[in-house]
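A closer look at the structure
Here's the letter readout for the chains.
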Amino acid sequence: MASTACFMIISKNDIPIYEAEVGTAPKKEEAAHQHQFILHAALDVVQDLAWTTSAMFLKAIDRFNDLVVSVYVTAAIHTRLMLLHDSRNDDGIKSFFQEVHELYIKTLLNPLYLPGSRVTSSHFDTKVRALARRYL
């Protein structure tokens, strides 16, 4: 069965710094825009929940039809890792978020990367897509 998954990293200023369609379903341009819209609409819910819980992994915070938004909020800089998906694999999603968070921290440690700017590294993109295939 083909799965739908759209992954985004949102900076503390609500600016998307990384986006990827990581599902196995066929890619459609209008679906990509719809996925972005759903994830951006969920940012208000994330903002409210981030201040009421100490958990970093906020399971299913929003739904749209058969799609679910899961979020991982980083501790110090409030960067949000958001995943729009149609699967029910909470353990795999949590592992995916933790691995991508570690990968993002390694990117932040790069002296040539300006925090808050778009992540354009092809290595980062390849690793994220490999993690998505592995966990999602």
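Overview of the structure. Being a predicted model, the structure only gives us computed values, none of them experimental.

Below, the discussion takes up the packing of aromatic side chains. Evaluation of the coordinates by the stated rule reveals seven aromatic pairs. Note on Phe 7 and Phe 97: the rings are 6.4 Å apart at their centroids and 40° apart in plane angle, and the pair reads as tilted. Placement of Phe 7 in strand S1 (residues 5-10) and of Phe 97 in helix H3 (residues 90-108) is noted, with a sequence separation of 90 residues between them. Look at Phe 97 and you get buried, because its relative accessible area is 0%. Aromatic ring contacts, followed pair by pair, group Phe 7, Tyr 18, Phe 57, Tyr 72, Phe 96, Phe 97 and Phe 124 into a single cluster.

Turning to unusual backbone geometry, a few remarks are in order. Although it is not a glycine, Asp 14 adopts a positive phi angle of roughly 65°. Looking at the secondary structure, you find Asp 14 in the loop between S1 and strand S2 (16-21). Since its relative accessible area comes to 40%, Asp 14 is described here as partly exposed. If you check the backbone angles, Asn 65 has positive phi at about 55° while not being a glycine. Tracing the backbone shows Asn 65 in the loop between strand S3 (57-64) and strand S4 (67-73). With relative accessibility at 70%, the residue Asn 65 sits in the exposed group.

What counts and what doesn't
- Residues numbered from 1 in each chain as written.
- Predicted model: local features only at pLDDT ≥ 70, side-chain atom pairs only at ≥ 80, totals over all residues.
- Heavy atoms only, no water.
- Phe/Tyr/Trp six-rings, centres within 6.5 Å; stacked < 30°, edge-to-face > 60°.
- Helix = DSSP H or I, 4+ residues; strand = E, 2+ residues; numbered from the N terminus.
- Buried < 20%, exposed > 50% of the residue type's maximum accessible area, 1.4 Å probe, protein only.

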